[in-house]
Amino acid sequence: MGSSPNAAPHSQPTPEPERAPGSVPTPHTPAGRDGLAALLAHPERAVIALDFDGTLADIVPDPEKARAHHGAVAALGRLVPRLRAAAVITGRPAAVAVRLGGFDSVPGLDHLTVLGHYGVERWEAATGTVHAPAPPPGVAAIQAELPGVLDASGVWHGTWVETAIERKGGQAIAVHTRRADDPQGAFDRLRAPLAALAERHGLIVEPGRLVLELRPPGMDKGVALAEWVRETGASTVLYAGDDLGDLAAFAAVDKLRSDGLAGVLVCSGSAEVTELADRADLVVDGPAGVVELLGALADRLAVI
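Heads up: these notes are all about the structure in this document.

The rules behind the values
- Residues numbered from 1 in each chain as written.
- Predicted model: local features only at pLDDT ≥ 70, side-chain atom pairs only at ≥ 80, totals over all residues.
- Heavy atoms only, no water.
- Helix = DSSP H or I, 4+ residues; strand = E, 2+ residues; numbered from the N terminus.
- Buried < 20%, exposed > 50% of the residue type's maximum accessible area, 1.4 Å probe, protein only.
- Contact = heavy atoms within 4.5 Å.
- Areas by Shrake-Rupley, 256 points an atom, 1.4 Å probe, with all protein chains shown as cover.
- Axes fitted to C-alpha atoms, helices over the stretch in contact; angles between N-to-C directions.
- Parallel < 35°, antiparallel > 145°, perpendicular 65-115°, else oblique.
- Left-handed = near helix turned anticlockwise from the far one by under 90°.
- Nonpolar A, V, L, I, M, F, W, Y, C, P; charged D, E, K, R; others polar.
- 1 Å grid on protein atoms, 1.4 Å probe; cavity = no way out; pocket = protein on both sides within 12 Å on 5 of 7 lines; lining within 4 Å.
- Points joined across faces, edges and corners; volume = space filled by probe spheres on them.
- Core = buried A, V, L, I, M, F, W, Y, C linked by side-chain atoms within 4.5 Å.
- Expected span 1.5 Å × (residues − 1).

## Structural notes on the overall build of the chain
Secondary structure assignment for the chain yields nine helices and twelve strands. Split into buried and exposed, the 304 residues of the chain put 54% on the buried side. For the chain, restricting intrachain contacts to residue pairs at least 6 apart in sequence, the fraction spanning at least 24 positions comes to 71%. Roughly 12,100 Å² of accessible area belongs to the chain as shown, and the carbon and sulfur atoms make up 55% of that amount.

Here is the structure:
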């Protein structure tokens, strides 16, 4: 999911300058330029991994209405066959991400994996099946207590009546405040009671873009990404994300680069979250910019 809206204010990250249609943008860091060069030189050794919400899909008030950005799946369908593999790594249940993304209905995605719940669940396009463990008991306990916590916090009264609870396939629970009359106020008021609730049941709270996710510890995108990259045997990895939850994946790519792999860190920039831009090799203009990047890579590899 994503980064905390409580972060210190920044100016909106500036995407890379305009360039000729179809050209691949140039990362502004030496490591990023080396990673992109390695991907273009040997795509058969390269993998890409992407977050879903805010990266492949625009952020929307109702998480059930999120869809992959126009052209995203088609761009992946052209690009993925030229790579070793691709993955979508998300806090959503794997089956939900597949449905909302439309990843099961496009030619060319045979080598796509969706790692849901930060890698706890796994969907493979080649088989169309989801592998998932039993839900942790703490999630069920929290689900039972959550209405009382929200009521005591005033979230189900007045301005916060539209706060949404997303039950994430039994593996986690996400409380969204984007549709509240005062989204930031609802978010701020819920942080402490939800953190206490999570701690009582052995879970943690992951803050995101006007969302607080209660989930078991040890589930993060960095662990999922590093394990998947090692599994593929790739020598180059490009990761794109938008949010504080993606910082773990950025750190994983940094570690892989220190181990000798090539890597590119891409930020799907937004006015809500700017922290990733400081760590990225390349900043693009939200999901539309991510789609443009995927299409440009596919175009470039088609003529190499």
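## Regarding the environment of Trp 228
On the secondary structure map, Trp 228 appears in helix H6 (residues 221–232). For Trp 228, a relative accessible area of 2% translates into the label buried. The spatial distance from the C-alpha of Trp 228 to the C-alpha of Leu 115 is 9.1 Å, given a sequence separation of 113 residues.

## What to know about the packing of helix H2 (residues 72–79) against helix H9 (residues 286–303)
Contact pair H2 / H9: the axes reach a minimum separation of 9 Å and the direction vectors enclose 25 degrees. Classified by the interaxial angle, the pair formed by H2 and H9 is roughly parallel. Here H2 and H9 pass one another in a crossing that is left-handed. Only Val 291, Leu 294, Gly 295, Leu 297, Ala 298, Asp 299 and Leu 301 of H9 make contact with H2, whose side of the interface consists of Ala 72, Ala 75, Leu 76, Arg 78 and Leu 79. Per-class residue counts for the contact of H2 with H9 are nine nonpolar, one polar and two charged.

## Some points on the layout of surface pockets
Here the second largest pocket defines a volume of roughly 150 Å³. Leu 115, Gly 119, Val 120, Ala 224 and Glu 227 are the residues nearest the centre of the second largest pocket, which is lined by 13 residues in total. If one sorts the elements of the lining of the second largest pocket by residue count, H6 sits on top with five residues. Among the residues forming the lining of the second largest pocket, the class breakdown is seven nonpolar, two polar and four charged.

## Things to note about the nonpolar core
Formed by 44 residues in total, the largest nonpolar core has its most connected members in Leu 39, Ile 48, Leu 56, Leu 76, Phe 103, Leu 294 and Leu 297. Beyond its immediate sequence surroundings of up to four residues, Leu 56 is in contact with Leu 50, Asp 51, Arg 67, Ala 68, His 69, Ala 72, Leu 76, Val 88, Phe 103, Pro 287, Val 290 and Leu 294.

## Details of unusual backbone geometry
In this model, His 117 sits at a positive phi of 50 degrees, which is unusual for a non-glycine residue. The topology assignment puts His 117 in the loop between strand E3 (112–116) and strand E4 (121–124). The phi angle at Tyr 118 is positive, at roughly 60 degrees, despite the residue not being glycine. In this structure, Tyr 118 sits in the loop between E3 and E4. Owing to a relative accessible area of 5%, Tyr 118 belongs among the buried residues under this scheme.

## What about H6?
The terminal C-alpha atoms of H6 lie 16 Å apart, and with twelve residues this matches the ideal 16 Å at 1.5 Å per residue to within 8%. Of the residues making up H6, those classed as buried are Lys 221, Gly 222, Ala 224, Leu 225, Ala 226, Trp 228, Val 229 and Thr 232. Of the surrounding secondary structure, the elements contacted by the buried residues of H6 are strand E1 (46–50), strand E2 (85–89), E3, E4, strand E10 (236–241) and helix H7 (247–258). The positive-phi residue at the C-terminal boundary of H6 is Gly 233, with phi of around 75 degrees.

Without other data, these values stay purely geometric and don't point to any function.
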